[in-house]
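Each chain, written out:
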Amino acid sequence: MSTKDYKVTIGIECHVQLKTKTKLFSAINNDARKATPNTLISHIDLGMPGALPVLNEAAVILATRAAFALGTRPQKFSGFDRKHYFYPDLPMGYQITQFYDPIIKDGNVTIIVDGETKTVGIHEAHLEADAGKSVHPPGKDYSLVDLNRAGTPLLEIVSNPDLHSPQEARAYARELYLLMRYADVSDANLYYGNMRFDVNVSVSKTDELGTRTETKNLNSFRSVEKAAEYEIKRQIGLLEKGQKVIQETRGWDDANMHTTSQRSKEEAHDYRYMPDPDLPPVILDDKFIEKVKKNMPLLPDDLRTRLTQIGIEADSIETLVDEPVAGRFIFYVIQHENKDSVQKIVNWLTVDVQASVNSGERKWNELKLNHEQFLGLAYMVKKAEVSSSGAKVVLLNMINTGDDPSEIAKNKNIIQVSDSDEIEKIVDMVIKANPKAANDVRNGETKVIGFMVGQVMKESKGKANPGLAKELIQKKLS
């Protein structure tokens, strides 16, 4: 069995929770993360007789932002429909969605895999209200229903079947995540399910698409990649044995790294879509669309382009792009400072600050990132007022406290001594205490200078300017 003999086709549907304060059709808090079950609900979310939904304008603005982030424009005309099905966590007996006229059509997402650039088409994206959640207590023979999520505004983004490997699927999921975060459409917290991916996979030996399976509710880039990888191998294995692939919905077992059958899709569901009679169509004029476009935040490719132009390495760029707080901060720095200062600040962010975040000390959005303070610290290093190691000490204090870097350096007693008379006295002392090393330098053993500088730094308790110390040693022993 070889995957090379088969054409792999992958499409991804992504549910993005919009970061509105209230739900899509009711004035109820949209943040259900820590809420007691069934406390964030209203008569509208429950579909009580006579309850009339009212569209949240903020959700339309965020969907319009998403359209621009996806390289297209929102549709001027869109409308809501009822998708009928019956399940305990759907109290209305139908889901309000956009079936016939979605708010976004077309668009694209650009990804890079193994150095190759690829464009993934977006078929459509539509607004819809989420259902509630079924809870299955372990060891019990019953299920519970929590309707706090019922009515939560979602944007379902549907890709074209343009992906052909698990690596491309992962890259697409990551880029979509970054686009939604940078466009400020969603918090996109994968842990809390703010973004969920449904991965459709099929394999075929011809150009005709094979029977597809859909693995639902994946909440990490790794699970998107691994689920696609497993399904490709599983489907090829069935075909190699002369068996058929069943069109079905599957779940992902992250602990055991495999998919499991959930329900068959041999016969298409008849959801009996119909236009929602309680909701008028959404009509956007040019003034509204242009206002949203004008206020679009920084997007990932804007940052990548600018950082590439000033010579920042690709790995550092992606580290910065991965975290919008860092990305937006460095983009602001770029607008105001020279390349040398930017490079130094990039190094601090991608190495030292990132290490601090990885250790769990603080999250990016909790750090004190002050443009003037970072530049002040860069200036102190340039003027040799602090050493490179001293600058790291100042940096980590600065991002946690927000204090001025020069004050931190003074309080930590790590201001470098650049007084040539004072350093000259220490140099004379070190030369006298290390006659053999001094003679080696006189005889051309330049490597020994490093040892001599180290002794000066030791005697000065790290305060001496090492560049000045080296210069004085060479002058005295030349």
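Structure: above.
These numbers come from a predicted model, not from an experiment.

> I'm lost on the overall build of the chain in this one. Help?
Summing up its helical and strand segments, the chain has 15 helices and 16 strands in all. When the backbone C-alpha atoms are referred to their principal axes, the chain occupies close to 95 × 55 × 50 Å. For the chain, restricting intrachain contacts to residue pairs at least 6 apart in sequence, the fraction spanning at least 24 positions comes to 69%. Total accessible area computed for the chain in this model is approximately 24,700 Å², and 49% of it derives from carbon and sulfur atoms. For the chain, the centre of its 62 positive side-chain charges and the centre of its 67 negative side-chain charges are spaced 4 Å apart.

> Please clarify how the pairing of strand β12 (residues 213–218) should be interpreted in this entry.
Consecutive side chains along a regular strand alternate between the two faces of the sheet. Here four bridges tie strand β11 (residues 195–204) to β12, and the two strands are oriented antiparallel to one another. By the bridge assignment for β12, V201 is matched with T213. In terms of strand pairing, β12 meets strand β13 (residues 248–253) through two bridges, oriented parallel. Within β13, the position partnered with E214 by the bridge is T249. The parallel pair β12 and β13 is bridged by helix α3 (residues 221–240), and the resulting crossover is left-handed.

> How do you make sense of the side chain of H371 when you look at a structure like this?
Within the element layout of this structure, H371 appears in helix α9 (residues 371–382). Setting aside residues up to four positions removed in sequence, H371 forms contacts with F329, Y332, V333, H336 and E337.

> What exactly am I supposed to notice about the sheet that holds strand β15 (residues 274–275) here?
Whenever strands of a sheet pair, they do so through backbone hydrogen bonds, lying parallel or antiparallel. Spatial strand order, β4-β3-β15: three strands in an open sheet with antiparallel pairing. Two strands close off the open sheet at either side, each with one partner strand: β4 (94–97) and β15. Of the pairings in the sheet, the one linking strand β3 (residues 81–84) to β15 comprises two bridges and is antiparallel in character. Bridge pairing in β15 places R82 opposite M274.

> Quick question: what am I supposed to make of the packing of aromatic side chains here?
How two aromatic rings sit relative to each other is given by the distance of their centres and the angle of their planes. What the rule picks out here adds up to nine aromatic pairs. Measuring from ring centre to ring centre gives 5.1 Å for Y191 and Y192, while their planes differ by 85°; the resulting arrangement is edge-to-face. According to the relative accessible area criterion, Y191 is exposed, its value standing at 70%. Consider the rings of Y271 and Y273, whose centres lie 5.9 Å apart with planes at 70°: the pair is edge-to-face.

> Sorry, what's going on with the environment of K19 here?
Within the fold, K19 resides in the loop between β1 (7–17) and α1 (57–69). Residue K19 is classed as partly exposed on the basis of its relative accessible area, which comes to 34%. When residues no more than four places from it in sequence are discounted, the contact partners of K19 are L62, D184, V185, S186 and D187. A distance of 2.9 Å separates the side chain of K19 from the side chain of D184, its partner in a polar contact.

> Can you help me understand the pairing of β11 in this one?
Counting buried positions along β11 gives ten out of ten residues, so the element sits mostly inside the fold. Because side chains alternate across β11, one face comprises the buried residues M195, F197, V199, V201 and V203, and the other comprises R196, D198, N200, S202 and S204, equally buried. The pairing of β1 with β11 spans ten bridges and is classified as antiparallel. When the bridges of β11 are listed, I12 appears paired with V199.

> Looking at this structure, I do not really get the packing of helix α5 (residues 300–309) against helix α7 (residues 324–336). What am I missing?
The relative placement of two packed helices comes down to the angle between their axes together with the axis-to-axis distance. Between α5 and α7, the least distance of the axes is 10 Å, while the angle of their chain directions is 45°. Classified by the angle their axes make, α5 and α7 are oblique. Our pair here, α5 against α7, has a crossing hand that is left-handed. Contacts between α5 and α7 involve D302, L303, R306 and L307 from the former and G327, I330, F331 and I334 from the latter. In the contact of α5 with α7, the residues fall into five nonpolar, one polar and two charged.

> Looking at this model, I keep getting lost on the packing of helix α2 (residues 166–182) against α3. Mind explaining?
In the contact formed by α2 and α3, the axes pass within 8 Å of each other and the chain directions differ by 155°. Between α2 and α3, the crossing angle belongs to the class labelled roughly antiparallel. α2 and α3 meet at a crossing whose hand is right-handed. Of the residues in α3, those touching α2 at P166, Q167, A169, R170, A173, R174 and Y177 are F221, R222, V224, E225, A228, E229 and I232.

> How do you make sense of the side chain of E156 when you look at a structure like this?
Mapped onto the elements, E156 comes out in strand β10 (residues 153–159). It is K83 that comes nearest to the buried, bridge-free E156 among opposite-charge side chains, at 6.2 Å. There is a polar contact of 3.4 Å between the side chain of E156 and the side chain of H15.

> Looking at this model, I keep getting lost on helix α10 (residues 388–401). Mind explaining?
Residues spaced three or four apart along an α-helix face the same direction, because each turn holds 3.6 residues. Relative to the 20 Å expected for 14 residues at 1.5 Å per residue, α10 spans 20 Å between its end C-alpha atoms, a close match to the ideal helical length. Along α10, the residues that are buried comprise G390, A391, V394, L395, M398 and I399. One side of α10 holds all its buried residues, which, seen down the axis, span an arc of 155°. On its buried side, α10 packs onto α8 (339–358), α9 and α11 (405–411). Positioned one or two residues after α10, G402 has a phi angle of 80°, which is positive.

> Would you take a moment to explain the pattern of salt bridges for this structure?
Pairs can form between side chains of opposite charge once their charged atoms are near each other. Summed over all chains, the structure comprises 28 salt bridges. Taking the shortest distance from any N to any O, the salt bridge between E248 and R250 comes out at 2.5 Å. In this structure E248 comes out as buried when scored by relative accessible area, which is 8%. Take R250: its relative accessible area is 7%, and that puts it in the buried class. Connected through salt bridges with shared partners, the residues R174, E175, D301, R304, E318 and D322 form a single ionic network.

> I keep staring at a nonpolar patch on the surface and nothing clicks. Help me out?
Taken together, the side chains of V135, Y142 and L144 define a hydrophobic patch exposed on the protein surface, amounting to about 250 Å² of accessible area. Of note, V135 is situated in strand β8 (residues 133–135).

Parameters and conventions
Residues numbered from 1 in each chain as written. Predicted model: local features only at pLDDT ≥ 70, side-chain atom pairs only at ≥ 80, totals over all residues. Heavy atoms only, no water. Helix = DSSP H or I, 4+ residues; strand = E, 2+ residues; numbered from the N terminus. Contact = heavy atoms within 4.5 Å. Areas by Shrake-Rupley, 256 points an atom, 1.4 Å probe, with all protein chains shown as cover. Lys, Arg positive; Asp, Glu negative; His and termini not counted. Charge placed at Lys NZ, Arg CZ, Asp CG, Glu CD. Pairing = 2+ DSSP bridges. Right-handed = clockwise from strand over helix to strand, strands pointing away. Phe/Tyr/Trp six-rings, centres within 6.5 Å; stacked < 30°, edge-to-face > 60°. Buried < 20%, exposed > 50% of the residue type's maximum accessible area, 1.4 Å probe, protein only. Polar contact = N/O pair within 3.5 Å; in protein donor to acceptor, adjacent residues only side chain to side chain. Axes fitted to C-alpha atoms, helices over the stretch in contact; angles between N-to-C directions. Parallel < 35°, antiparallel > 145°, perpendicular 65-115°, else oblique. Left-handed = near helix turned anticlockwise from the far one by under 90°. Nonpolar A, V, L, I, M, F, W, Y, C, P; charged D, E, K, R; others polar. Salt bridge = Lys/Arg side-chain N within 4 Å of Asp/Glu carboxyl O. Expected span 1.5 Å × (residues − 1). Arc of directions from axis to C-beta. Patch = residues over 30% accessible without salt bridge, like charges linked within 9 Å, V, L, I, M, F, W, Y side chains within 5 Å.

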